[in-house]
Amino acid sequence: MNTQAKYQDSECVAVGVSFTQDSICVELSDGREVKTPLEFYPTLSSATPEQLRKFRLIGGGIGIHWDELDEDLSN
């Protein structure tokens, strides 16, 4: 089975976001979780835990926005 084709055929969006000390974890609508080092995003890696928690999902879950940090992540 080609899993890459399976995921390309369906709309997969973010439904949740959490953080560890050094990573951002994005929960996707298909049940997967994507974990990425915060060091890949300088603005996020220098933010306080409180600032990181002040995000909102945008575009129906295709992006994440932090007003206070003026930062966006999207697919």
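Our structure is the block above this text.
Parameters at a glance
- Residues numbered from 1 in each chain as written.
- Predicted model: local features only at pLDDT ≥ 70, side-chain atom pairs only at ≥ 80, totals over all residues.
- Heavy atoms only, no water.
- Pairing = 2+ DSSP bridges.
- Helix = DSSP H or I, 4+ residues; strand = E, 2+ residues; numbered from the N terminus.
- Axes fitted to C-alpha atoms, helices over the stretch in contact; angles between N-to-C directions.
- Phe/Tyr/Trp six-rings, centres within 6.5 Å; stacked < 30°, edge-to-face > 60°.
- Buried < 20%, exposed > 50% of the residue type's maximum accessible area, 1.4 Å probe, protein only.

Chemist: When you look at the sheet that holds strand E4 (residues 56-58) in this model, what are you seeing that I'm missing?
Modeler: Two pairing modes exist for strands in a sheet, parallel and antiparallel, and in both the strands are linked by backbone hydrogen bonds. Taken in spatial order, the three strands line up as E4-E5-E6 in an open sheet, and their pairing is antiparallel. The outermost strands of the open sheet, each flanked by one partner alone, are E4 and strand E6 (71-74). When strand polarity is set aside, the average angle formed by the axes of neighbouring strands in this sheet is 25°. Of the strand pairs in this sheet, E4 and strand E5 (residues 63-66) are connected by three bridges, and their pairing is antiparallel. From the neighbouring strand, Ile58 faces E5, where its bridge partner is Gly63.

Chemist: Please explain the packing of aromatic side chains as it appears in this structure.
Modeler: Here the distance between the centres and the angle between the planes together describe a pair of aromatic rings. All told, the structure shown has two aromatic pairs when counted by the stated rule. Aromatic pair Phe55 and Trp66: ring centres 6.4 Å apart, planes at 55°, arrangement tilted. Of this pair, Phe55 sits in the loop between helix H3 (49-53) and E4 while Trp66 sits in strand E5, and the two are eleven residues apart along the sequence. Given a relative accessible area of 0%, Trp66 falls into the buried group. Members of the aromatic cluster, connected to one another through ring pairs, are Phe19, Phe55 and Trp66.

The values reported here are purely geometric and, on their own, carry no functional implication.
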